[in-house]
Amino acid sequence: MSEKILTKNLNLFYGKTQALKEISIKIRSNHVTALIGPSGCGKSTFLRTLNRLNDLIDSVRIEGEVFIGGESVYAKGVDVVSLRKRIGMVFQKSNPFPKSIYENIAYGPKINGVRKKSELDEIVEHSCRKAAIWEEVKDRLNDSAIGLSGGQQQRVCIARALAVEPEVLLMDEPASALDPISTAKVEELIYELKKNLTIVIVTHNMQQAARVSDHCAFFLTGELVEYDETAKIFTTPSNEKTQNYISGRFG
């Protein structure tokens, strides 16, 4: 199975501080890859290099290469807007727009030129079904998304990301602010979504990484220490640092 994401010798600097050091990784299509490691180790920074969100920070300098589906993300002339259409993102804190549930999910398709109400209706329903939220919101699509519970808001944000049919979904601690029942729903959803998507998830929760991911990448102080199948990382890691982190000796 081919890789969907490839990075080669990826370095990232915030001013003079180096946050990522020579990251080379192949992330496979239709797999869930979990990025694990202690706070400040570079997981979220690495995630944001994949859809160029770090571009929004003034002092950032990036070296090396990132390819999504064989195309260079940092090549000259890359349309960052269309890149972010291909690479959806779900954040740690659910961030619905202060609009109706319907308008939240229709927002991306509208920006991309979908105008017909019947088409938008179809996209909203389809995206909500894919995000396992349709049955809960179908009779209240005109209500504000802000009025939903935290778990529902997060699934609406996932539906919003799915509405533009991305190839890759990046998830930065998508369940860290949720209760156990909502977390379980998001985890079930991740399992379903990987049939059609490549998913990269940052998580602090070791049990969650073990449950949802096919591969794990362990980061420490900006370096990729170990990358392998999740089962191997959790049972017989090759690196002592990985073993120490997994067993809770630090982090």
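What counts and what doesn't
- Residues numbered from 1 in each chain as written.
- Predicted model: local features only at pLDDT ≥ 70, side-chain atom pairs only at ≥ 80, totals over all residues.
- Heavy atoms only, no water.
- Helix = DSSP H or I, 4+ residues; strand = E, 2+ residues; numbered from the N terminus.
- Pairing = 2+ DSSP bridges.
- Expected span 1.5 Å × (residues − 1).
- Buried < 20%, exposed > 50% of the residue type's maximum accessible area, 1.4 Å probe, protein only.
- Arc of directions from axis to C-beta.
- Contact = heavy atoms within 4.5 Å.
- Core = buried A, V, L, I, M, F, W, Y, C linked by side-chain atoms within 4.5 Å.
- Axes fitted to C-alpha atoms, helices over the stretch in contact; angles between N-to-C directions.
- Parallel < 35°, antiparallel > 145°, perpendicular 65-115°, else oblique.
- Left-handed = near helix turned anticlockwise from the far one by under 90°.
- Nonpolar A, V, L, I, M, F, W, Y, C, P; charged D, E, K, R; others polar.

Moving on: unusual backbone geometry. Here the phi dihedral of Glu-22 falls at roughly 50 degrees; this positive angle occurs in a residue that is not glycine. Note on placement: Glu-22 falls in strand E2 (residues 17-28).

The next thing to look at is the sheet that holds strand E1 (residues 3-14). Strands in a sheet are paired, the pairing made by backbone hydrogen bonds, and the direction either parallel or antiparallel. Pairing is antiparallel across the open sheet formed by four strands, whose spatial order is E2-E1-E4-E5. This sheet does not close on itself; its edge strands, each paired only once, are E2 and strand E5 (71-72). Relative to strand E4 (residues 60-68), E1 runs antiparallel, the two sharing eight bridges. Within the sheet, the bridge partner assigned to Ile-5 lies in E4 and is Ile-68.

Spanning 14 residues, helix H4 (residues 117-130) covers 20 Å between terminal C-alpha atoms, matching the ideal 20 Å at 1.5 Å per step. Those residues of H4 not exposed but buried are Leu-120, Val-124, Ser-127 and Cys-128. Around the axis of H4, the buried residues are gathered within 100 degrees of arc, so they sit on the same side. Looking at the buried side of H4, the elements it contacts are helix H3 (101-111), helix H5 (134-137) and helix H6 (150-162). In the stretch just after H4, Ala-132 is the one whose phi turns positive, near 55 degrees.

So, about the side chain of Thr-230. Counting through the fold element by element, Thr-230 comes out in helix H9 (residues 230-235). The residues contacting Thr-230, other than those within four sequence positions of it, are Ala-209, Ala-210, Ser-213, Asp-214, His-215 and Cys-216.

With that settled, the discussion passes to the nonpolar core. If you look at the biggest cluster of nonpolar residues, it comprises 45 residues, and the most contacted ones within it are Ile-36, Ile-158 and Leu-169. For this core, the leading source of residues is H6, giving five residues. Beyond its immediate chain neighbours, meaning those up to four positions away, Leu-169 contacts Gly-88, Met-89, Val-90, Ala-161, Leu-162, Leu-193, Leu-197, Thr-198, Ile-199 and Val-200. Val-60, Leu-83, Ile-87 and Val-202 belong to the second largest nonpolar core, which has 27 residues in total.

With eight bridges joining them, E1 and E2 adopt antiparallel strand pairing. Bridging from a neighbouring strand, Leu-6 pairs with Lys-26 of E2. If you look at the hairpin formed by E1 and E2, you'll find two residues sitting between the two strands, and Gly-15 has a positive phi there, around 60 degrees.

In this section: the packing of H3 against H6. Where H3 contacts H6, the two axes come as close as 7 Å, and the packing angle between them is 30 degrees. The angle between H3 and H6 places the two elements in the roughly parallel class. Judged by the sense of rotation from one axis to the other, the crossing of H3 with H6 is right-handed. In contact with Ile-101, Asn-104 and Ile-105 of H3, H6 contributes Val-156, Ala-159 and Arg-160. Each residue belonging to the contact of H3 with H6 can be placed in one class, and the counts come to four nonpolar, one polar and one charged.

A few words on the sheet that holds strand E7 (residues 168-172). Across the sheet, six strands lie side by side as E6-E7-E8-E3-E9-E10; this open sheet has mixed pairing. Single-partner strands in this sheet number two, and they are strand E6 (87-90) and strand E10 (223-229). Across the sheet, the axes of successive neighbouring strands diverge by a mean angle of 15 degrees, strand direction being ignored. Bridge count for strand E3 (residues 32-36) against strand E8 (residues 198-202) is four bridges, and the pairing is parallel. Counterpart to Thr-33 in the pairing with E8 is Val-200. Relative to E6, H6 is tilted by about 170 degrees, and along the sheet it contacts E6 and E7. Along the sheet, helix H7 (residues 180-193) makes contact with E3, E7 and E8, crossing E8 at roughly 150 degrees.

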